[in-house]
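Overview (structure and organization)
Next come the chains, spelled out residue by residue.
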Amino acid sequence: MTGRGRPLKAKSPGSKCAKSKTKSEDIKQVSLPTCPSKDFKEEKQIRTTKEQKPKQREQKKPNHTDENPSVHSKQEEKTTKHCTEEINKQQRTPTDNTKAPVRGTRAKTCAASTKSTEQSAEEITKTKPKDTTKDSIKTTKTKKDSGRSKLSEQCVEEITKAQSETAKYTTKASMKKTQAKTCASKAISPENLTEETSKMQPETPEYTTKVCAPQHRYEDKAAVDSILSTTLEKLKINKNDRANAAEVINEIIMSIIRHLENNTQCFKVVEPLRTGSYYENVKISNPDEFDVMLSIPVDRVNIKPFGDGGAFYSVSLKRGNSPLKKFQETDTSPLSASKMLEEFRKEVKKCVEVFTEWEVTKKKKGCPAVTLTTKVQSVTISLDVVLCLMVKSSWPPFAQEGLKIEGWLGTKVRQEYKRKPYYLVPKYEGRGTVEYDGVLARDVWRVSFSHVEKAILKNHGSEKTCCERVGKRCCRKDCLKLLKHLLSLLKEKDSSFDKFYSYLAKTTLLHACCSRTRDSEWRASSLSQCFQQLLEDFVGYLEEGVLPNFFIPDQNLLSCPDQKRCNSLARCIKEERDNGFPIFKHQLHSKEKVRAS
DNA sequence: AACCGCTAATTCCG
DNA sequence: CGGAATTAGCGGTT
C-alpha cells in the first residue's frame, strides 16, 4: 500500500537505478572501537558502469565468472573494502562497550500506563486549546528535564509524573494535525502554525536566533515536510538492485547451509533466520547489508549470567548426546563460544572458497559474524552469517521485565512473543581472556531477540489493520529510516560517533512505540511531527546517557560512548533539527549531482 | 522440496 | 493521485 506513488524523476526505467548511492549508505554498525574511520571508500562505488543494468538480471551461473566484467577489476581493490570487516551487527552487539554496562541502572523500562486521553486522529485538528497548555509545559522544560521525563515515561514507577505524561500524549496527538507531507500547498491556519512550530522546536533557544522571523515559520515547516519526504524517497531501495542482491545472497546462503548439512556434524541442522534491517524492511539506500543467523537448536541448557548487564551468559548443555558436547571440556563445563565459532568459521570459509567472487573478511574480536563480501554490479554488498543457538525455553531472568508492549500491541501478543525461543550468539566484549567464575569472556554468549524485533516491526500497529490495504498507513518505519539515515550521515561526518550503532535508532523507535501506542499518533500524514518527536526522544536518551535495551531493561545501550560523545551527538542532532536538516539537503544535492553526471 | 497464496514494497502507467 | 503489475519473502500444505 501506499508505497506506490511513483517517485519524482522520470528516470528511465531501470537505468542507473537511481541509486546514486550516496556514500555511506549506512554503515551499519561498525562495532569495533578500533575500527578506523569507517569508510571513505564508499564513494568509489559510484556506479558508472551501470548502463546495462535493466535487463541484467539474467541468471548468472553461480560461481566463477562473475556477473559482470567490471567486477574483476573491482575485486582487486577489495582490500579496501569498507571496514565492514567489522561489521558487527548491532543487533547482536548492542553493547560493545568495554566498560561496565551499567550507568543508569535505574531504567525500569517502559510501558505502563499509556492509555489515557484518547483522541482520534480526526479530531485533532480541533484540539488547539490543549496544545497551548502543553506547549508551555514543554517549552519550559529544561533539556535535562526533558531527557529525564522520557526516562520516567518508561519507568513506570512514578506515578507522580502521570500528569506530565498525559500532557505529553496530548501533545503528540495534537501534533498530528493535518499536514501533508509534501507540502506547501496545503493551507494551515495561522494559529496552528505557531503552535506547531513552537512545539516542533521545544527546547531550542537558539532557534529563534538562527532561523528567520516568525512569519517564515510556516515555510520552514513546509520545507521540513518536503525535505523529509524527499529524503525518504531517496532512501528507498531500487527494485532492480534488490533483485540482483537477493539472488546473489540467497544463492550463497543456500550453499552454506547445504555445505554444513553435508559436511559437518555439529552444524548439520541449522535454521536460517533472516534478520536485520533488510529483512525488516527498514534498510535504507542500498540492499548492501544482509544478516542471516544460522541457528542450531539445543534442547536444554544451563545458562549463567556473565557480568552485570544481563546480556551475556555462559552456557552449558544439559543433555549428553549433542554433537556440540565436544565444545565443552567436561560434561558440565561451559560450551566454548570461541571454539565453536572458530569451527563454524572454518566451515563457512571452506564452502565459500569455491565461490571466488566472495571474500571472507578477517575475524574481528568478539564479533559473532562471519562476514562475506562480494560485488554486484560494482557495488560491494556484505553478508553477515551468524552462528547462534536456539533455545526453546523461557527467556532468561533479565529479559523477563523487558518487552513492555502491552499498551501498544497487547498482552496476548506479548505472551506470544515470550513463548518463542530466544537465541544465543557467540559474542563478548572487552578482552577475551578476562575470566569470571572460571569462564573466559571469549566463551560467553549474548542473548538475541532479533526474531522478535523483526516480528514487531512487521506487525507494528496497535490496530491489526495498520498499514494494511484496508487500514490506515502509519509512519513508524519511515521515522526509523530517517533516524537511521540521520545517524549514519552524522557518523560519516564525524568519525568519533562510530559507536552509535543503528541499533540505538531501532531501540529508540521501539520505546517510542510503547510511549505513543496509538496508530493515530503515527499517521503517515504526520511524518515530520512524529519524526521530530522521535528525535526528541533520542536526544533525551543521549543527554541522559541512558537507553535501556528493549528486552533487557537493566542493560544500558549508551554505556559505551562516554557522556561527552553523547552530548556532542545530541547537539548535532538538535542543530540539524533547528536548521531544517541541512544534512539531508546536502545529501539530496550531492545525489542529484551524481545522477546528473 | 515444490507449490500456493498472501503481504509489503517498488515502479509503471493512466 | 491511485490502480495495476511485479517481485522478494514468508508461512502453510502436501
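Residues numbered from 1 in each chain as written. Chains lettered and ligands numbered in written order. Predicted model: local features only at pLDDT ≥ 70, side-chain atom pairs only at ≥ 80, totals over all residues. Heavy atoms only, no water.

1. Re the pattern of salt bridges
Any two side chains of opposite charge can pair if their charged atoms end up close together. We apply this condition: The salt bridge criterion pairs a side-chain nitrogen of Lys or Arg with a carboxyl oxygen of Asp or Glu, the two atoms within 4 Å. For helices the rule is a DSSP run of H or I covering at least 4 residues; for strands it is a run of E covering at least 2, with both sets numbered from the N terminus onward.
Under the counting rule described, the total for this entry stands at 18 salt bridges. For glutamate 280, the salt bridge identified is with lysine 506, shortest N-O distance 2.8 Å. Residue glutamate 280 is located in the loop between helix H9 (276–279) and strand E2 (289–298), and its partner lysine 506 is located in helix H15 (residues 502–515); the two are separated by 226 residues in the primary sequence. Across the pair glutamate 329 and lysine 339 runs a salt bridge whose closest N-O atoms are separated by 3.8 Å. Pair noted here: glutamate 329 is in the loop between strand E4 (312–317) and helix H10 (337–353) and lysine 339 is in helix H10, with a separation of ten residues, a long-range link.

2. Some details on the pairing of strand E8 (residues 422–425)
Rule in force here: Three labels apply to residues, based on accessible area from a 1.4 Å probe with only protein chains included: buried if under 20% of the type maximum, exposed if over 50%, partly exposed otherwise in between. For two strands to count as paired, DSSP must find a minimum of two bridges between them.
Taking every second residue as pointing to the same face, both faces of E8 are buried, with Tyr422 and Leu424 on one and Tyr423 and Val425 on the other. Bridge count for E8 against strand E11 (residues 445–448) is three bridges, and the pairing is antiparallel. Residue pairing across strands places leucine 424 opposite valine 447, the latter belonging to E11.

3. Re the packing of aromatic side chains
Using the following cut-off: Pairing of aromatic rings covers Phe, Tyr and Trp, the last through its six-membered ring, and needs centres within 6.5 Å; plane angles under 30 degrees mean stacked, over 60 mean edge-to-face, and all others mean tilted.
Under the counting rule described, the total for this entry stands at twelve aromatic pairs. A centroid spacing of 5.9 Å and a plane angle of 75 degrees characterise the contact between phenylalanine 497 and phenylalanine 500, whose relative ring orientation is edge-to-face. A relative accessible area of 1% places phenylalanine 497 in the buried class. Plain terms: the ring middles of phenylalanine 550 and phenylalanine 551 are 5.5 Å apart, the flat faces sit at 90 degrees to each other, and that makes the pair edge-to-face. Among the aromatic residues, those joined into a cluster by ring pairs are Trp395, Phe449, Phe550 and Phe551.

4. So, helix H17 (residues 563–578)
Note on helix geometry: an α-helix contains 3.6 residues per turn, so any two residues three or four positions apart are oriented the same way. The condition that has to hold: Expected span of a helix, by definition, is 1.5 Å for each gap between consecutive residues, and there is one gap fewer than residues.
Over its 16 residues, H17 extends 22 Å from the first C-alpha to the last, a length consistent with the 22 Å expected when each residue adds 1.5 Å. Along H17, the residues classified as buried are Cys566, Ser568, Leu569, Ala570, Ile573, Lys574, Glu576, Arg577 and Asp578. Just downstream of H17, glycine 580 is the residue with a positive phi angle, here 75 degrees.

5. Some details on the confidence of the model for chain A
Our working definition: The predictor attaches a confidence to each residue, and that confidence, scored 0 to 100, is pLDDT. We call two residues contacting when some pair of their heavy atoms lies within 4.5 Å.
Counting all residues, the mean pLDDT for chain A is 73, and 62% of those residues have values of 70 or more. Here residues 1–216 scores under 50 on pLDDT; set against residues more than four positions off or in separate chains, the count is 415 contacts. Across residues 591–597, where pLDDT falls below 50, the model places eleven contacts with residues more than four positions away in sequence or in other chains.

6. Let's talk about the environment of valine 301
On the secondary structure map, valine 301 appears in strand E3 (residues 301–305). Apart from residues no more than four positions distant in its own chain, valine 301 is found in contact with Val315, Ser316, Leu317, Lys318, Val391 and Tyr422.

7. Overview of the domain arrangement of chain A
Spelled out, the test is: Where each domain begins and ends follows an automated or database-derived domain assignment. For any pair of parts, buried area is found by adding up, for both, the accessible area (1.4 Å probe) each one loses once the two are put together. A 3.5 Å cut-off defines polar contacts: any pair of N or O atoms within that distance qualifies, except that in protein one atom must be a possible hydrogen donor and the other a possible acceptor, and neighbouring residues in sequence count only when both atoms are side-chain atoms. Three classes are used, and their members are as follows: Ala, Val, Leu, Ile, Met, Phe, Trp, Tyr, Cys and Pro are nonpolar, Asp, Glu, Lys and Arg are charged, and the others, Gly among them, are polar.
When its domains are assigned, chain A resolves into domain 1 (75–100 + 236–450) and domain 2 (130–235 + 455–596). Across the boundary between the two partners, domain 1 contributes 36 residues, which contact 38 residues of domain 2. For the pair domain 1 and domain 2, the two sides together bury roughly 3200 Å², of which 60% comes from carbon and sulfur. Counting the contacts that link domain 1 with domain 2 gives two salt bridges. One can count eleven residue pairs in polar contact (both at pLDDT 80 or more) joining domain 1 with domain 2. When residues in the side of domain 1 that touches domain 2 are grouped by element, the largest group, three residues, is from helix H11 (residues 406–409). Classifying every residue of the side of domain 1 that touches domain 2 by side-chain character gives 17 nonpolar, twelve polar and seven charged.

8. Regarding the state of the cysteines
We count it as follows: Note on terminology: disulfide denotes any pair of cysteine sulfur atoms within 2.5 Å.
Evaluated as defined, the whole model comprises zero disulfides. Just so you know, cysteine 475 is unpaired, no disulfide at all, and the nearest cysteine sulfur is the one on cysteine 530, 3.6 Å from it.

9. Some words on the packing of helix H13 (residues 450–458) against H15
Counted only if it meets this: Lines fitted to C-alpha atoms define the axes here, with helix axes fitted over just the stretch in contact, and angles between the N-to-C directions of these axes take values from 0 to 180 degrees. In these notes the angle categories are as follows: under 35 degrees is roughly parallel, over 145 is roughly antiparallel, 65 to 115 is roughly perpendicular, and the rest is oblique. Should the near helix be turned anticlockwise from the far one by less than a right angle, the crossing is left-handed, and should it be turned clockwise, the crossing is right-handed.
Contact pair H13 / H15: the axes reach a minimum separation of 12 Å and the direction vectors enclose 55 degrees. Our classification of the angle between H13 and H15 gives oblique. Between H13 and H15 lies a crossing of left-handed hand. Across the interface between the two elements, Glu453, Ile456 and Leu457 from H13 touch Tyr503, Lys506, Leu509 and Leu510 from H15. Among the residues making up the contact of H13 with H15, the classes are represented as five nonpolar, no polar and two charged.

10. Topic: the packing of helix H16 (residues 527–544) against H17
H17 packs onto H16 with a crossing angle of 160 degrees between their chain directions and a minimal axis gap of 8 Å. Our classification of the angle between H16 and H17 gives roughly antiparallel. With respect to the hand of their crossing, H16 and H17 are arranged in left-handed fashion. Of the residues in H17, those in contact with Gln532, Leu535, Phe538, Val539, Leu542, Glu543 and Glu544 of H16 are Gln563, Cys566, Asn567, Leu569, Ala570, Ile573, Lys574 and Arg577. Across the contact of H16 with H17, the residue classes break down as eight nonpolar, three polar and four charged.

11. Here we look at the side chain of serine 448
Checked against the element boundaries, serine 448 lands in strand E11. Discounting chain neighbours no more than four positions away, the residues touching serine 448 are Met293, Tyr422, Tyr423 and Val425.

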